[in-house]
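Chain and residue survey
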Amino acid sequence: MIRRWNPDVVAAPAGRYSHLAAVPEGHELVMISGQLGVLPDGALAGPDAESQARQVYVNIELLLESIGATPAHLVKVFTMVAGTEHLPGCRAAMGEAFGRWFPDGDWPAQSLAVVAALAAPEFAVEVEAVAAVPRTAGRG
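Described in the following lines is the structure provided in the data block. Only a predicted model underlies this, so the values are computations on that prediction, with no experimental measurement involved. (Residues numbered from 1 in each chain as written. Predicted model: local features only at pLDDT ≥ 70, side-chain atom pairs only at ≥ 80, totals over all residues. Heavy atoms only, no water.)

**Topic: the pattern of salt bridges**
In total, this model carries 4 salt bridges according to the counting rule given. Residues arginine 54 and glutamate 96 are paired through a salt bridge, measuring 2.8 Å at the closest nitrogen-oxygen approach. Within this pair, whereas arginine 54 is found in helix H1 (residues 49-66), its partner glutamate 96 is found in helix H2 (residues 87-101), the two being separated by 42 residues in sequence. Judged by relative accessible area, which is 37%, arginine 54 ranks as partly exposed. (Salt bridge = Lys/Arg side-chain N within 4 Å of Asp/Glu carboxyl O. Helix = DSSP H or I, 4+ residues; strand = E, 2+ residues; numbered from the N terminus. Buried < 20%, exposed > 50% of the residue type's maximum accessible area, 1.4 Å probe, protein only.)

Structure follows, in structure tokens:
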């Protein structure tokens, strides 16, 4: 499976992530576009960062399931938060999702950026990801 580790040549991770993640042979990288906190019908999951981020992680999990993968296949996660005021809600939702997805603490590589804005003013959180999925026929 995916190898994740933290060499002692740099400081230990300050959060739920690994410094390095390697993809094993026989896997393909699948890029997951930035996911917003919107429901399948396109409605906003809620006005706050926590409800939006919860939906973002649901969306990522559903996209992974659609290709026969799980969050265990995630190699890299990149989170964008529209303003520092949204960090607590985003981190709470991330903690819930990552606690379920990676109960052993084997976190994917991750970055988090506070940005001035996202695609529309109502969006507080956007998350994109990269997964390493075993090559199989019929995915599509």
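**What about H1?**
Along its 18 residues, H1 runs 25 Å from first to last C-alpha, staying within 8% of the 26 Å computed at 1.5 Å per residue. Looking only at H1, the buried set comprises Ala49, Ser51, Gln52, Ala53, Gln55, Val56, Tyr57, Asn59, Ile60 and Leu64. Residues of H1 that are buried sit in contact with strand E3 (27-36), strand E4 (74-82), H2 and strand E6 (125-134). Just beyond H1, the residue with positive phi is glycine 68, at close to 75°. (Expected span 1.5 Å × (residues − 1). Contact = heavy atoms within 4.5 Å.)

**Some words on the sheet that holds E6**
Here 4 strands make up an open sheet; going across it, the order is E3-E6-E4-E5 and the pairing mixed. The open sheet is flanked by E3 and strand E5 (109-115), the only strands paired with a single partner. The average undirected angle you get between the axes of adjacent strands in this sheet is 10°. Across 8 bridges, E3 lies against E6 in antiparallel orientation. Paired with isoleucine 32 across the two strands is alanine 129, which belongs to E6. Its contacts with the sheet put H1 on E3, E4 and E6, and the angle it makes with E3 is roughly 150°. Set on the sheet, H2 makes contact with E4, E5 and E6; between it and E4 the angle comes to about 160°. (Pairing = 2+ DSSP bridges. Axes fitted to C-alpha atoms, helices over the stretch in contact; angles between N-to-C directions.)

**Description of the nonpolar core**
Within the largest apolar cluster, 26 residues are counted, with the highest numbers of intra-cluster contacts made by Tyr57, Ile60, Leu74, Phe98 and Trp101. For this core, the elements supplying multiple residues, two or more each, are H1, E4, H2 and E6. Considering every element that reaches this core, the biggest residue donor is H2, with 7 residues. Here tryptophan 101 is in contact with Tyr57, Ile60, Glu61, Pro71 and Leu74, once residues within four sequence places are set aside. Membership of the second largest hydrophobic core comes to 6 residues, among which are Leu36, Ala82, Leu118 and Phe123. (Core = buried A, V, L, I, M, F, W, Y, C linked by side-chain atoms within 4.5 Å.)

**Points about the environment of phenylalanine 102**
By secondary structure assignment, the location of phenylalanine 102 is in the loop between H2 and E5. In the structure, phenylalanine 102 is positioned 86 residues away from arginine 16 in sequence and 9.5 Å away in space, judged by C-alpha atoms. Ignoring sequence-local partners within four residues, the contact set of phenylalanine 102 consists of Arg4, Pro71, Ala72, Leu74, Trp107 and Pro108.

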